[in-house]
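# Coordinates in review
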Amino acid sequence: MTLSLKHHERIHVEARAKECDSAISALRRREEARQFDEDVPTRYTLTNLPDLAALRVLVFPKSRLEDVHAIVRTKYAEWTSDPVTTGTPARFRAWKYHGFCSTSSRVRAELQVVPMLTGLFGR
């Protein structure tokens with residue numbers, strides 16, 4: 001698809017692995033009272049995080065968003081869809097998917113398809 005883009009259009013793909021401190025904080029936030037329970041250490045594995053790895057696809061202009069999403073939706077059809085909406089009535093903001101990395105059946109990842117301006121502003 002990138003070969004058919006006009007001069008001003010962009011598709012930018014970013015990948016990341018969650019930083020160690022961020023991962024530990026995320027595990028803590030998911031627990032009641034935000035304390036580790038030493039009796040159940042298996043609760044605190046990094047593989048419990050739904051976004052240990054992440055891929056973000058930034059698209060400009062918004063008119064190309066649906067085209068990119070169609071490709072992602074087909075390739076990651078088995079992943080769980082979690083669209084991002086805000087406001088009342090709900091307005092669509094981005095597509096988000098969760099699933100397991102193809103290289104590991106234990107590592108969960110998040111994939112986002114986001115308008116470029118939204119993605120860059122929200123950092």
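Everything that follows concerns the structure shown earlier in this document.
The present account deals with the structure reproduced in this document.

The rules we used
Residues numbered from 1 in each chain as written. Predicted model: local features only at pLDDT ≥ 70, side-chain atom pairs only at ≥ 80, totals over all residues. Heavy atoms only, no water. Phe/Tyr/Trp six-rings, centres within 6.5 Å; stacked < 30°, edge-to-face > 60°. Buried < 20%, exposed > 50% of the residue type's maximum accessible area, 1.4 Å probe, protein only. Lys NZ or Arg CZ within 6 Å of the ring centre and 35° of its normal. Core = buried A, V, L, I, M, F, W, Y, C linked by side-chain atoms within 4.5 Å. Helix = DSSP H or I, 4+ residues; strand = E, 2+ residues; numbered from the N terminus. Contact = heavy atoms within 4.5 Å. Disulfide = S-S within 2.5 Å. Salt bridge = Lys/Arg side-chain N within 4 Å of Asp/Glu carboxyl O.

A full pass over the atoms with the stated rule returns 2 aromatic pairs. Note on Y76 and W79: the rings are 4.8 Å apart at their centroids and 65 degrees apart in plane angle, and the pair reads as edge-to-face. The partly exposed category is assigned to Y76, whose relative accessible area is 22%. One Lys or Arg, K75, reaches over the ring of Y76 and ends 5.9 Å from the middle of that ring.

Before going further, it helps to examine the nonpolar core. Membership of the largest hydrophobic core comes to 13 residues, with the highest contact counts inside it found for V59, V68, V72, Y97, L111 and V113. The set of elements that each furnish at least two residues to this core consists of β2 (53-60), α2 (65-75), β5 (91-100) and β6 (108-115). In this view, Y97 contacts H69, V72, R73, W79, T80, S81, A109, E110 and L111; residues no more than four positions away in its chain are not counted. With 5 residues, the next largest nonpolar core counts A23, L27, L49 and L52 among its residues.

Another point: unusual backbone geometry. Cis geometry is adopted by the peptide bond preceding P61, which originates at F60 and carries an omega value of 0 degrees. Here P61 lies in the loop between β2 and α2. Omega for the bond connecting T88 with P89 falls within 30 degrees of zero, at 0 degrees, which places this linkage in the cis form. Among the secondary structure elements, P89 is positioned in the loop between β4 (84-86) and β5.

Here H69 lies in helix α2. Discounting residues that sit within four places of it in the chain, H69 has contacts with W95, Y97 and V113.

Within the structure shown, the criterion is met by 0 disulfides. We note that C20 lacks a disulfide partner, and the nearest cysteine sulfur, in C101, lies 17 Å from it. We classify C20 as exposed; its relative accessible area is 55%. We classify C101 as buried; its relative accessible area is 19%.

As for its position among the elements, R56 is in strand β2. Judged by relative accessible area, which is 24%, R56 ranks as partly exposed. Linking R56 and D21, residues 35 residues apart in sequence, is a C-alpha distance of 21 Å.

Here we come to the pattern of salt bridges. Evaluation of the coordinates by the stated rule reveals 7 salt bridges. K18 is the partner of D51 in a salt bridge, and the nearest nitrogen-oxygen pair spans 3.4 Å. Here the residue D51 occupies a position in the loop between α1 (20-29) and β2, and K18 occupies one in the loop between β1 (10-17) and α1, the gap between them amounting to 33 residues. For D51, a relative accessible area of 13% corresponds to the buried category. One salt bridge connects K96 with E110, and the closest N-O pair in it is separated by 3.9 Å. Taken together, the residues K96 in strand β5 and E110 in strand β6 connect sequence positions 14 residues apart. We note that K96, like E110, is buried. Beyond isolated ion pairs, a larger network of salt bridges with shared partners links E9, R64 and D67.

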